[in-house]
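Structure assessment
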Amino acid sequence: MTFALGPGLLFCPADRPERFAKAAERADAVILDLEDAVLPAAKASARENVRTAALDPARVIVRVNAPGSAEFAADLAAVAASPFRTIMVAKTEDPSALDVFDTDYAVIALCETARGVQAAESIAEHERVVALMWGAEDLVASLGGTSSRRPDGTYRDIARYARTRVLLSAGAHGKGAIDAVHVDIDDVDGLEEEASDAVASGFRATACIHPSQVPVIRAAYRPDPASVEWARGVLAAAEEERGVFRFEGRMVDEPVLRHARSIVARAN
């Protein structure tokens, strides 16, 4: 399987079934969350909501609790009884923990602890993994820190390192990479800047926690008309050229053509 979702992935607490339909309507895919968004007392009812959710399986991801946790086995049983087969595994640290998934499942591994980030490359190698995602706050907490961001809102170096490592590990194995949520819902400018950087860097999608963030993410991932015109033009010119050639004053080789193909793919 390949990662074909995105770019706007919206988390929705699995104990709030009244929000499921609206979340699915607003986003490219909805992440039904059985982990952090659900209090322990509500876990059982949240699993029942996942089992009975009337949503398109092609546009649903279920986030389950971490392997080794008291909730993991029950989460897997609930998912197995549902029509959903794209699973986001919280706090993935050991690729062997993903062996519980058979060929019916596509796994998004969430690397959000120090061990998870360090193991990102071996996790990306796993045959069930279609994408990696990273998480800033759990990562910093796993290190004993207090905040992933500086006072000006930008990421601290440790978070930037984790983001880069997860992206490179995913790309090295042909897997998708999903950028972390921007937790300040009112900071539209910050979200736009991060989403624009994400798509330019090679992320396939950005996760979010509020429906109002989805249009901002979609706009950032959508190439502007001038870029699409250039990309289509250079690809058309390449059909008549051999090797390196000049187009609109710029040297064009295979990496540039790959950039152009990516732009056209995002425009379609």
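Per an unreviewed UniProt entry, the protein chain carries the name CoA ester lyase and comes from Microbacterium galbinum.

Per the secondary structure count, the protein chain includes eleven helices and ten strands. Compactness check: the protein chain gives a C-alpha radius of gyration of 19 Å against a globular reference of 18 Å for 268 residues, within 12% of the reference. Summed over its atoms, the accessible surface of the protein chain is roughly 13,000 Å², and 51% of this surface lies on carbon and sulfur atoms. Counting 30 positive and 41 negative side-chain charges, the protein chain places the averaged centre of each group 1 Å from the other.

We now examine the nonpolar core. Soluble, globular proteins show a tendency: their nonpolar side chains are buried together. Membership of the largest hydrophobic core comes to 60 residues, with the highest contact counts inside it found for Leu-32, Leu-55, Val-62, Val-64, Phe-101, Leu-132 and Trp-134. Among residues more than four places away in sequence, those in contact with Leu-132 are Ala-109, Cys-111, Ala-120, Ile-123, Ala-124, Val-166, Ser-169, Ala-170, Gly-176, Ala-177 and Ile-178. Formed by 18 residues, the second largest nonpolar core is a distinct cluster that contains Ile-61, Leu-110, Met-133 and Ala-207.

So, about the pairing of strand E5 (residues 106-111). A regular strand places its side chains on the two faces of the sheet in alternate fashion. Where burial is concerned, most of E5 is hidden: six out of the six residues are buried. Side chains Ala-106, Ile-108 and Leu-110 of E5 all project onto a buried face; the interleaved residues Val-107, Ala-109 and Cys-111 project onto the opposite face, where all are buried too. Bridge count for E5 against strand E6 (residues 129-134) is five bridges, and the pairing is parallel. The residue bridging Cys-111 from the neighbouring strand is Trp-134, located in E6.

Moving on: the side chain of Gln-213. In this fold, Gln-213 is placed in helix H9 (residues 213-221). According to the relative accessible area criterion, Gln-213 is buried, its value standing at 1%. Within polar-contact distance, the side chain of Gln-213 engages the backbone nitrogen of Ile-209 at 3.0 Å. Ignoring anything within four residues of it in the chain, the contact list for Gln-213 reads His-182, Asp-184, Ile-185, Leu-191 and Cys-208.

Taken together, the eight strands give a closed barrel; going around it, the order is E1-E2-E3-E4-E5-E6-E7-E8, and neighbouring strands pair in parallel fashion. Between one strand axis and the next, the sheet turns through 25° on average, direction left out of account. Sitting on the sheet, helix H7 (residues 157-172) is in contact with E5, E6 and strand E7 (176-179), with an inclination near 170° to E6. Docked against the sheet, H9 engages strand E1 (8-13) and strand E8 (205-208), running at close to 170° with respect to E8.

One pass over the full model with this rule turns up two aromatic pairs. Positioned above the aromatic ring of Tyr-155 is the side chain of Arg-149, whose terminal nitrogen or guanidinium carbon lies 3.9 Å from the ring centre.

The next subject is the pairing of E8. Of the two faces of E8, the one lined by Ala-205 and Ala-207 and the one lined by Thr-206 and Cys-208 are each fully buried. Two elements, E1 and E8, share three bridges in a ladder whose sense is parallel. Bridge assignment links Gly-8 to a residue of E8, and that residue is Thr-206. Here E7 pairs with E8 via two bridges, running parallel. Paired with Asp-179 across the bridge in E8 is Thr-206. For the crossover from E7 across helix H8 (residues 188-201) to E8, the handedness is right-handed.

The contact between H8 and H9 brings their axes to 8 Å, and the two run at 40°. With respect to the hand of their crossing, H8 and H9 are arranged in right-handed fashion. Contact residues: H8 offers Val-188, Leu-191, Glu-192, Ala-195, Ser-196, Ala-198 and Val-199, while H9 offers Gln-213, Val-216, Ile-217, Ala-220 and Tyr-221. Across the contact of H8 with H9, the residue classes tally to nine nonpolar, two polar and one charged.

In this structure, Pro-7 follows Gly-6 across a cis peptide bond, with omega equal to 5°. With respect to the element layout, Pro-7 can be found in the segment before E1. The backbone of Lys-91 sits at a positive phi, close to 50°, despite the residue not being glycine. By the secondary structure assignment, Lys-91 is in the loop between strand E4 (86-89) and E5. Residue Lys-91 is classed as partly exposed on the basis of its relative accessible area of 23%. In the Ramachandran plot, Glu-248 falls in the positive-phi region, its phi being about 50° despite a non-glycine side chain. Here Glu-248 shows up in the loop between strand E9 (245-247) and strand E10 (250-252).

Thresholds applied
- Residues numbered from 1 in each chain as written.
- Predicted model: local features only at pLDDT ≥ 70, side-chain atom pairs only at ≥ 80, totals over all residues.
- Heavy atoms only, no water.
- Helix = DSSP H or I, 4+ residues; strand = E, 2+ residues; numbered from the N terminus.
- Rg over C-alpha atoms; globule rule 2.2 N^0.38 Å.
- Areas by Shrake-Rupley, 256 points an atom, 1.4 Å probe, with all protein chains shown as cover.
- Lys, Arg positive; Asp, Glu negative; His and termini not counted.
- Charge placed at Lys NZ, Arg CZ, Asp CG, Glu CD.
- Core = buried A, V, L, I, M, F, W, Y, C linked by side-chain atoms within 4.5 Å.
- Buried < 20%, exposed > 50% of the residue type's maximum accessible area, 1.4 Å probe, protein only.
- Contact = heavy atoms within 4.5 Å.
- Pairing = 2+ DSSP bridges.
- Polar contact = N/O pair within 3.5 Å; in protein donor to acceptor, adjacent residues only side chain to side chain.
- Axes fitted to C-alpha atoms, helices over the stretch in contact; angles between N-to-C directions.
- Phe/Tyr/Trp six-rings, centres within 6.5 Å; stacked < 30°, edge-to-face > 60°.
- Lys NZ or Arg CZ within 6 Å of the ring centre and 35° of its normal.
- Right-handed = clockwise from strand over helix to strand, strands pointing away.
- Left-handed = near helix turned anticlockwise from the far one by under 90°.
- Nonpolar A, V, L, I, M, F, W, Y, C, P; charged D, E, K, R; others polar.

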